[in-house]
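# Fold and contact review
Take a look at the letters that make up each chain.
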Amino acid sequence: MDDPILRIEGLSAQFDTPEGAAKAVRDVSLTLRRGTTLALTGESGAGKTSIGLALLNLLPYPGRITAGRVLFNGTDILALPPEEMRQLRGREIAMVFQDPVTSLNPVLSVGAQVEEIITAHLPVTKREARDRSLKVLAQMGLPEPQEVARSYPFHLSGGMAQRVMIAIATALNPKVLIADEPTSALDVTVQAAILDDLRQLQRLSGTSILLISHDLGVVAQMADEVAVMYAGSIVEFGDVRTVFQRPRHPYTWALLRSRPRWDREQTRPLPAIRGSPPNLMELSAECPYLPRCPKATSVCRTQPAPALAELEPGHSAACYNPIYASEADTGFD
Ligand SMILES: Nc1ncnc2c1ncn2[C@@H]1O[C@H](COP(=O)(O)OP(=O)(O)OP(=O)(O)O)[C@@H](O)[C@H]1O
Ligand SMILES: [Mg+2]
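Reference entry: report on the structure contained in this document. These numbers were taken from a predicted model, which means no experiment stands behind them.

Let us look at the pairing of strand β8 (residues 208–212). Most of β8 is tucked away: five of the five residues are buried. Side chains S208, L210 and I212 of β8 all project onto a buried face; the interleaved residues I209 and L211 project onto the opposite face, where all are buried too. Bridging between strand β3 (residues 37–41) and β8 involves four bridges; their strand directions are parallel. Considered in β8, the bridge of A39 is made with L211. Bridging between strand β7 (residues 176–180) and β8 involves five bridges; their strand directions are parallel. Following the sheet pairing, A179 is matched in β8 by L211. Viewed along the sheet, the connection from β7 through helix α8 (residues 188–205) into β8 turns out right-handed.

The next point concerns the packing of aromatic side chains. As enumerated under the stated definition, the model contains four aromatic pairs in all. Ring geometry for Y152 against F154: centres 6.5 Å apart, planes inclined by 25 degrees, an arrangement best described as stacked. When the ring of Y251 is compared with that of Y289, the centres are 5.3 Å apart and the planes differ by 70 degrees; the resulting orientation is edge-to-face. On the criterion of sequence distance, the pair formed by Y251 in helix α11 (residues 250–258) and Y289 in the loop between α11 and α12 (298–302) is long-range, its members being 38 residues apart. Judged on exposure class, the residue Y251 and its partner Y289 are both buried. One aromatic cluster in this structure is built from Y230, Y251 and Y289.

So, about the environment of L137. By secondary structure assignment, the location of L137 is in helix α5 (residues 126–139). What makes L137 buried here is its relative accessible area of 0%. It is 22 Å that separates the C-alpha atoms of L137 and Q87, two residues lying 50 residues apart in sequence. With sequence-adjacent residues up to four places away left out, L137 is seen in contact with V110, V114, L142, P145, V148, A149, V164 and A167.

In this section: empty space enclosed by the protein. Enumeration according to the criterion identifies two cavities of 30 Å³ or more in this entry. Its boundaries defined by the atoms lining it, the largest cavity holds a volume of some 90 Å³. Considering the residues around the largest cavity, the lining is formed by 13 residues, among which C287, C293, C300, C319 and Y320 are closest to the centre. For the lining of the largest cavity, the per-class residue count stands at 10 nonpolar, two polar and one charged. Considered as a void within the structure, the second largest cavity measures approximately 30 Å³ in volume. The wall of the second largest cavity is formed by L6, I8, L30, T31, L32, L38 and L210. The dominant element in the lining of the second largest cavity, judged by the number of residues it contributes, is strand β2 (residues 20–33), at three residues. Of the residues that constitute the lining of the second largest cavity, the class distribution is six nonpolar, one polar and no charged.

Next up on the list: the sheet that holds strand β1 (residues 4–17). Whenever strands of a sheet pair, they do so through backbone hydrogen bonds, lying parallel or antiparallel. Here four strands make up an open sheet; going across it, the order is β2-β1-β4-β5 and the pairing antiparallel. The strands lining the two open edges of the sheet, one partner per strand, are β2 and β5 (75–76). With nine bridges joining them, β1 and β2 adopt antiparallel strand pairing. Residue pairing in the sheet places L11 in a bridge with V28 of β2.

With that out of the way, let us pick up the site of ligand 1. In the neighbourhood of ligand 1, 14 residues make up the surrounding shell, with S44, G45, K48, T49 and S50 lying closest. In this structure, an oxygen atom belonging to ligand 1 sits 3.2 Å away from a main-chain N or O atom of A46. Within the residue set of the shell around ligand 1, elements represented by two or more residues are β1, β2 and α1 (48–54). With three residues, α1 is the largest single contributor of residues to the shell around ligand 1. Partitioning the shell around ligand 1 into residue classes produces five nonpolar, seven polar and two charged.

What counts, and where the lines are drawn
Residues numbered from 1 in each chain as written. Chains lettered and ligands numbered in written order. Predicted model: local features only at pLDDT ≥ 70, side-chain atom pairs only at ≥ 80, totals over all residues. Heavy atoms only, no water. Buried < 20%, exposed > 50% of the residue type's maximum accessible area, 1.4 Å probe, protein only. Helix = DSSP H or I, 4+ residues; strand = E, 2+ residues; numbered from the N terminus. Pairing = 2+ DSSP bridges. Right-handed = clockwise from strand over helix to strand, strands pointing away. Phe/Tyr/Trp six-rings, centres within 6.5 Å; stacked < 30°, edge-to-face > 60°. Contact = heavy atoms within 4.5 Å. 1 Å grid on protein atoms, 1.4 Å probe; cavity = no way out; pocket = protein on both sides within 12 Å on 5 of 7 lines; lining within 4 Å. Points joined across faces, edges and corners; volume = space filled by probe spheres on them. Nonpolar A, V, L, I, M, F, W, Y, C, P; charged D, E, K, R; others polar. Near = heavy atom within 4 Å. Polar contact = N/O pair within 3.5 Å; in protein donor to acceptor, adjacent residues only side chain to side chain.

Okay, structure coming up:
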């Protein structure tokens, strides 16, 4: 199971705004193993979506990649000619974008939009495209696929729109699915059903999933491994159980402690993480979490930001003072 399908190596990206360069992705390296789910999590603005977009070369202006490679089955896809990248997108690597409703075309029926991606990539007749589109809609838990296919995006509930987006993304059976907050705007029941469908799809098709989510509950349910992002970099990485039960980076620990617990009576206010994330235009060489970190010592104040380092096999953190197991009770089981 150590078989990488997607490797991100030293990826950096920034947005060149009139106010300065916002360093949204800073030297990120990650491996997605075949058939598994890797989650990217962290607070709003940490750079999660930027990674997803960058690896398909879809960063919107004024964003650009400044360093790094993205290897898909060993090929550096960022170096591909635009036409080959277009072929690969959708067919081999597909993305479910963060905002489902605005990424659907409002003047095309749902069926037409699913058929469009099929006919753009496969030598099929209109009829075959139609059959296949109904199949993928049904597969994504849309019970009346014919009816859904005839409807327009504004007819759809949030949950249905999100299912349609996932159906479009998975219509060609991509090997890698990037799912950016696939359920974040939805109520809990709809969310659970969609996550089930995604897992089912993964079981049936062996799809490898890069799941982007700020929701730690979703990450815990779905992912095999998790990368925690802070200010454009990965501060902790490991398998989900290990990271969630025994986080080593103080930021991960604070995130886990501040999540709402529906399963426990709230007897005291939630411990929010004090302070706010740094301005990505004004990052210095020091650890970006330093101003918020309760564990900071003089090493942290005098040394440049620590690199991500393996603390035990498969578990790494970027911290001079990693948390000890005895301190790390997160309440996760
Ligand atoms: N279009 C843009 N123009 C300028 N800066 C941008 C733009 N999009 C993103 N950024 C910068 O990149 C940073 C990372 O944004 P990104 O959308 O990747 O974060 P995220 O982790 O996906 O957040 P969220 O959880 O809110 O979706 C932002 O904090 C912002 O500074
Ligand atoms: Mg995002």
